[in-house]
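# Architecture and fold: a report
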Amino acid sequence: MRTRQVEAGARYAFPGGWRATAAVFDIAKPYFDLDRRDGVYRQLGTVTHRGAEASLSGSPLEGVSMVAGLVWLRPRVTGQAVDDGRIGARPIGRTPLFVDASADYRIPGLTGFSIDAHATYEARRTANAANTAALPARAILDLGARYRSHVGKVPTLLRLQVRNVADTFGWRVSGGGGYTLLPGRRVTASVTADF
(Lines give C-alpha, C1' and ligand atoms only; values in the text may rest on other atoms or scores of the structure.)
Protein backbone atom coordinates (compact mmCIF):
# COMPACT_ATOMS: atom_id res chain seq x y z
CA MET A 1 0.00 0.00 0.00
CA ARG A 2 1.57 3.28 -1.08
CA THR A 3 1.36 6.12 1.43
CA ARG A 4 2.68 9.67 1.70
CA GLN A 5 3.70 11.33 4.95
CA VAL A 6 5.03 14.80 5.70
CA GLU A 7 5.85 15.70 9.28
CA ALA A 8 7.67 18.47 11.14
CA GLY A 9 8.27 18.71 14.84
CA ALA A 10 10.23 20.25 17.65
CA ARG A 11 11.44 19.16 21.06
CA TYR A 12 12.39 21.33 24.01
CA ALA A 13 13.86 20.51 27.43
CA PHE A 14 12.85 23.03 30.09
CA PRO A 15 14.88 23.75 33.21
CA GLY A 16 13.81 21.41 35.99
CA GLY A 17 13.56 18.34 33.78
CA TRP A 18 10.32 19.09 31.91
CA ARG A 19 10.27 18.05 28.25
CA ALA A 20 7.85 19.13 25.55
CA THR A 21 7.37 17.91 22.00
CA ALA A 22 5.07 19.15 19.25
CA ALA A 23 4.57 18.14 15.65
CA VAL A 24 2.30 18.70 12.69
CA PHE A 25 1.67 16.00 10.10
CA ASP A 26 -0.07 15.24 6.81
CA ILE A 27 -0.54 11.56 5.91
CA ALA A 28 -2.33 10.21 2.84
CA LYS A 29 -3.08 6.57 2.05
CA PRO A 30 -5.66 4.43 0.24
CA TYR A 31 -9.01 4.11 2.03
CA PHE A 32 -10.63 0.69 2.13
CA ASP A 33 -14.16 -0.07 3.34
CA LEU A 34 -17.40 -1.78 2.32
CA ASP A 35 -18.89 -0.41 -0.88
CA ARG A 36 -22.60 0.22 -0.20
CA ARG A 37 -23.48 -0.61 -3.84
CA ASP A 38 -22.56 -4.29 -3.62
CA GLY A 39 -21.25 -4.94 -0.08
CA VAL A 40 -17.72 -5.67 -1.35
CA TYR A 41 -14.70 -4.54 0.67
CA ARG A 42 -12.47 -2.51 -1.65
CA GLN A 43 -10.52 0.71 -2.04
CA LEU A 44 -13.05 3.55 -2.08
CA GLY A 45 -10.72 6.54 -2.20
CA THR A 46 -7.89 8.22 -0.35
CA VAL A 47 -7.86 9.13 3.33
CA THR A 48 -5.80 12.03 4.62
CA HIS A 49 -4.91 12.58 8.25
CA ARG A 50 -3.87 16.17 8.88
CA GLY A 51 -3.27 17.28 12.39
CA ALA A 52 -1.00 18.09 15.27
CA GLU A 53 0.30 16.28 18.31
CA ALA A 54 1.96 17.46 21.48
CA SER A 55 3.22 16.01 24.75
CA LEU A 56 4.60 17.26 28.04
CA SER A 57 6.46 15.16 30.60
CA GLY A 58 8.22 15.85 33.84
CA SER A 59 8.14 15.74 37.61
CA PRO A 60 6.10 18.54 39.23
CA LEU A 61 6.79 17.28 42.78
CA GLU A 62 9.32 14.96 44.36
CA GLY A 63 8.27 11.36 43.74
CA VAL A 64 5.69 12.31 41.07
CA SER A 65 6.30 11.70 37.38
CA MET A 66 3.75 12.46 34.71
CA VAL A 67 3.27 12.54 30.98
CA ALA A 68 0.38 13.97 28.98
CA GLY A 69 -0.21 14.08 25.26
CA LEU A 70 -2.87 14.97 22.75
CA VAL A 71 -3.55 14.43 19.09
CA TRP A 72 -5.79 16.77 17.12
CA LEU A 73 -6.81 15.19 13.82
CA ARG A 74 -8.75 16.23 10.72
CA PRO A 75 -9.33 12.95 8.86
CA ARG A 76 -10.97 13.19 5.43
CA VAL A 77 -11.81 10.75 2.65
CA THR A 78 -11.78 11.87 -0.99
CA GLY A 79 -12.54 10.03 -4.21
CA GLN A 80 -15.33 8.88 -6.47
CA ALA A 81 -17.25 7.05 -3.72
CA VAL A 82 -17.48 10.30 -1.72
CA ASP A 83 -18.40 12.30 -4.83
CA ASP A 84 -21.17 9.75 -5.65
CA GLY A 85 -22.53 9.86 -2.09
CA ARG A 86 -21.80 6.18 -1.40
CA ILE A 87 -19.70 7.10 1.66
CA GLY A 88 -19.23 10.22 3.73
CA ALA A 89 -16.12 12.37 3.85
CA ARG A 90 -15.21 11.31 7.41
CA PRO A 91 -13.60 7.86 7.87
CA ILE A 92 -15.14 5.40 10.32
CA GLY A 93 -13.74 5.26 13.83
CA ARG A 94 -11.45 8.29 13.75
CA THR A 95 -11.74 10.90 16.48
CA PRO A 96 -10.75 14.55 16.00
CA LEU A 97 -9.29 14.76 19.52
CA PHE A 98 -7.53 12.20 21.68
CA VAL A 99 -5.95 13.05 25.06
CA ASP A 100 -3.85 10.62 27.11
CA ALA A 101 -2.35 11.41 30.53
CA SER A 102 -0.56 9.31 33.15
CA ALA A 103 0.91 10.03 36.57
CA ASP A 104 2.91 7.89 38.98
CA TYR A 105 3.60 8.68 42.65
CA ARG A 106 6.34 6.94 44.64
CA ILE A 107 5.20 7.28 48.25
CA PRO A 108 7.96 8.57 50.58
CA GLY A 109 8.79 6.21 53.41
CA LEU A 110 7.30 3.18 51.62
CA THR A 111 10.23 1.89 49.59
CA GLY A 112 9.18 0.16 46.40
CA PHE A 113 5.51 1.22 46.63
CA SER A 114 3.82 3.53 44.10
CA ILE A 115 0.34 4.44 42.92
CA ASP A 116 -0.62 5.54 39.43
CA ALA A 117 -3.45 6.94 37.37
CA HIS A 118 -4.11 6.85 33.64
CA ALA A 119 -6.84 8.89 31.92
CA THR A 120 -7.92 9.06 28.29
CA TYR A 121 -10.44 11.21 26.47
CA GLU A 122 -11.73 10.52 22.98
CA ALA A 123 -14.01 13.02 21.23
CA ARG A 124 -17.09 11.99 19.26
CA ARG A 125 -16.26 9.66 16.37
CA THR A 126 -17.91 8.70 13.08
CA ALA A 127 -19.64 5.32 13.40
CA ASN A 128 -20.75 4.42 9.87
CA ALA A 129 -19.59 4.90 6.28
CA ALA A 130 -22.50 7.21 5.40
CA ASN A 131 -21.53 9.54 8.28
CA THR A 132 -25.10 9.43 9.63
CA ALA A 133 -24.18 7.86 12.98
CA ALA A 134 -21.61 8.79 15.61
CA LEU A 135 -20.37 7.47 18.93
CA PRO A 136 -20.37 10.01 21.77
CA ALA A 137 -17.23 11.35 23.42
CA ARG A 138 -15.92 9.33 26.36
CA ALA A 139 -13.39 9.57 29.16
CA ILE A 140 -11.83 6.55 30.89
CA LEU A 141 -9.89 6.51 34.17
CA ASP A 142 -7.66 3.66 35.35
CA LEU A 143 -6.05 3.49 38.80
CA GLY A 144 -3.32 1.20 40.03
CA ALA A 145 -0.71 0.39 42.63
CA ARG A 146 2.55 -1.51 42.45
CA TYR A 147 5.03 -2.85 44.94
CA ARG A 148 8.59 -3.73 43.93
CA SER A 149 10.38 -6.11 46.25
CA HIS A 150 12.35 -9.34 46.37
CA VAL A 151 11.35 -12.88 47.20
CA GLY A 152 14.67 -14.26 48.30
CA LYS A 153 17.03 -12.89 45.64
CA VAL A 154 14.35 -12.75 42.94
CA PRO A 155 13.12 -9.24 41.96
CA THR A 156 9.32 -9.28 42.21
CA LEU A 157 6.59 -6.85 41.18
CA LEU A 158 3.10 -7.00 42.69
CA ARG A 159 0.53 -5.06 40.62
CA LEU A 160 -3.11 -4.18 41.30
CA GLN A 161 -5.20 -2.29 38.72
CA VAL A 162 -8.76 -1.04 38.45
CA ARG A 163 -9.51 -0.35 34.79
CA ASN A 164 -12.42 1.86 33.67
CA VAL A 165 -13.06 2.96 37.27
CA ALA A 166 -16.35 4.74 36.47
CA ASP A 167 -17.63 1.72 34.47
CA THR A 168 -18.10 3.93 31.40
CA PHE A 169 -20.32 2.27 28.80
CA GLY A 170 -19.36 2.59 25.16
CA TRP A 171 -18.62 0.99 21.84
CA ARG A 172 -15.57 0.72 19.63
CA VAL A 173 -16.11 0.83 15.88
CA SER A 174 -13.81 -0.53 13.20
CA GLY A 175 -13.65 -0.18 9.43
CA GLY A 176 -16.60 -1.85 7.74
CA GLY A 177 -18.87 -0.79 10.60
CA GLY A 178 -18.04 -3.57 13.07
CA TYR A 179 -18.80 -2.79 16.72
CA THR A 180 -17.30 -4.22 19.91
CA LEU A 181 -18.31 -3.36 23.44
CA LEU A 182 -15.90 -1.27 25.49
CA PRO A 183 -14.78 -3.38 28.48
CA GLY A 184 -16.46 -2.29 31.72
CA ARG A 185 -14.88 -1.90 35.14
CA ARG A 186 -12.45 -4.69 35.94
CA VAL A 187 -9.89 -5.42 38.62
CA THR A 188 -6.68 -7.31 37.93
CA ALA A 189 -3.87 -8.44 40.20
CA SER A 190 -0.57 -9.87 39.03
CA VAL A 191 2.81 -10.99 40.29
CA THR A 192 5.86 -10.73 38.05
CA ALA A 193 9.16 -12.34 39.01
CA ASP A 194 12.48 -11.91 37.23
CA PHE A 195 14.28 -15.28 37.53
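Residues numbered from 1 in each chain as written. Predicted model: local features only at pLDDT ≥ 70, side-chain atom pairs only at ≥ 80, totals over all residues. Heavy atoms only, no water.

Inspection of every chain in the model, using the stated rule, returns 4 aromatic pairs. Measuring from ring centre to ring centre gives 4.7 Å for Tyr-12 and Phe-14, while their planes differ by 80°; the resulting arrangement is edge-to-face. A relative accessible area of 49% places Tyr-12 in the partly exposed class. Under the relative-accessibility criterion, Phe-14 is labelled partly exposed at 38%. Ring centres 6.4 Å apart and planes at 90° place the aromatic pair Trp-171 and Tyr-179 in the edge-to-face group. Each member of the aromatic cluster is reached from another via a ring pair, and the members are Phe-169, Trp-171 and Tyr-179. (Phe/Tyr/Trp six-rings, centres within 6.5 Å; stacked < 30°, edge-to-face > 60°. Buried < 20%, exposed > 50% of the residue type's maximum accessible area, 1.4 Å probe, protein only.)

Tracing the sequence through the fold places Glu-122 in strand β6 (residues 113–122). Among the polar contacts made by the side chain of Glu-122, one reaches the side chain of Arg-125 at a distance of 2.5 Å. If near-sequence neighbours (up to four positions away) are discounted, Glu-122 is found in contact with Thr-95, Leu-97, Phe-98, Ala-137 and Arg-138. (Helix = DSSP H or I, 4+ residues; strand = E, 2+ residues; numbered from the N terminus. Polar contact = N/O pair within 3.5 Å; in protein donor to acceptor, adjacent residues only side chain to side chain. Contact = heavy atoms within 4.5 Å.)

What follows covers the sheet that holds β6. The strands making up a sheet associate through backbone hydrogen bonding, with each pair oriented either parallel or antiparallel. The antiparallel open sheet is built from 9 strands, whose spatial order is β1-β2-β3-β4-β5-β6-β9-β10-β13. The outermost strands of the open sheet, each flanked by one partner alone, are β1 (4–13) and β13 (186–193). On average, each strand axis in the sheet is inclined to that of its neighbour by 15°, with strand direction left out of account. Two strands pair when backbone bridges link them, and strand β2 (residues 19–34) and strand β3 (residues 41–58) are joined in this way by 16 bridges, in the antiparallel orientation. Within β3, the position partnered with Ala-28 by the bridge is Thr-48. (Pairing = 2+ DSSP bridges. Axes fitted to C-alpha atoms, helices over the stretch in contact; angles between N-to-C directions.)

The biggest cluster of nonpolar side chains holds 12 residues, and these are Tyr-31, Leu-44, Val-47, Val-77, Ala-81, Val-82, Ile-87, Ile-92, Ala-127, Ala-129, Leu-135 and Val-173. Those elements that provide at least two residues to this core are β3 and α1 (80–83). Ignoring sequence-local partners within four residues, the contact set of Ile-87 consists of Tyr-31, Leu-44, Val-77, Ala-81, Val-82 and Ala-129. (Core = buried A, V, L, I, M, F, W, Y, C linked by side-chain atoms within 4.5 Å.)

By the definition in use, this model includes 11 salt bridges. For Asp-26, the salt bridge is made with Arg-50, and the minimal N-O distance between the two is 2.9 Å. Of this pair, Asp-26 sits in strand β2 while Arg-50 is found in strand β3, placing the two residues 24 residues apart along the sequence. According to the relative accessible area criterion, Arg-50 is partly exposed, its value standing at 40%. In this structure, Glu-122 and Arg-125 form a salt bridge, with 2.5 Å as the shortest nitrogen-oxygen distance. Judged on exposure class, the residue Glu-122 and its partner Arg-125 are both buried. Sharing partners across several salt bridges, the network here consists of Asp-104, Arg-106, Asp-116, Arg-146 and Arg-159. (Salt bridge = Lys/Arg side-chain N within 4 Å of Asp/Glu carboxyl O.)

This part covers the environment of Arg-124. Note that Arg-124 resides in the loop between β6 and β7 (125–126). For the pair Arg-124 and Pro-136, spaced 12 residues apart in the sequence, the C-alpha separation amounts to 4.6 Å. Once residues lying within four places of it in the same chain are set aside, the contact partners of Arg-124 are Arg-94, Thr-95, Pro-96, Ala-134, Leu-135, Pro-136 and Ala-137.

What follows deals with the pairing of strand β4 (residues 64–78). Relative to β4, β3 runs antiparallel, the two sharing 13 bridges. Note that in β4 the partner of Ala-54 across the bridge is Leu-70. In this structure, the hairpin formed by β3 and β4 is closed by a connection of 5 residues, where Gly-63 is found at a positive phi of approximately 90°. When β4 meets strand β5 (residues 97–106), the two strands line up antiparallel, connected through 9 bridges. Considered in β5, the bridge of Val-64 is made with Tyr-105.

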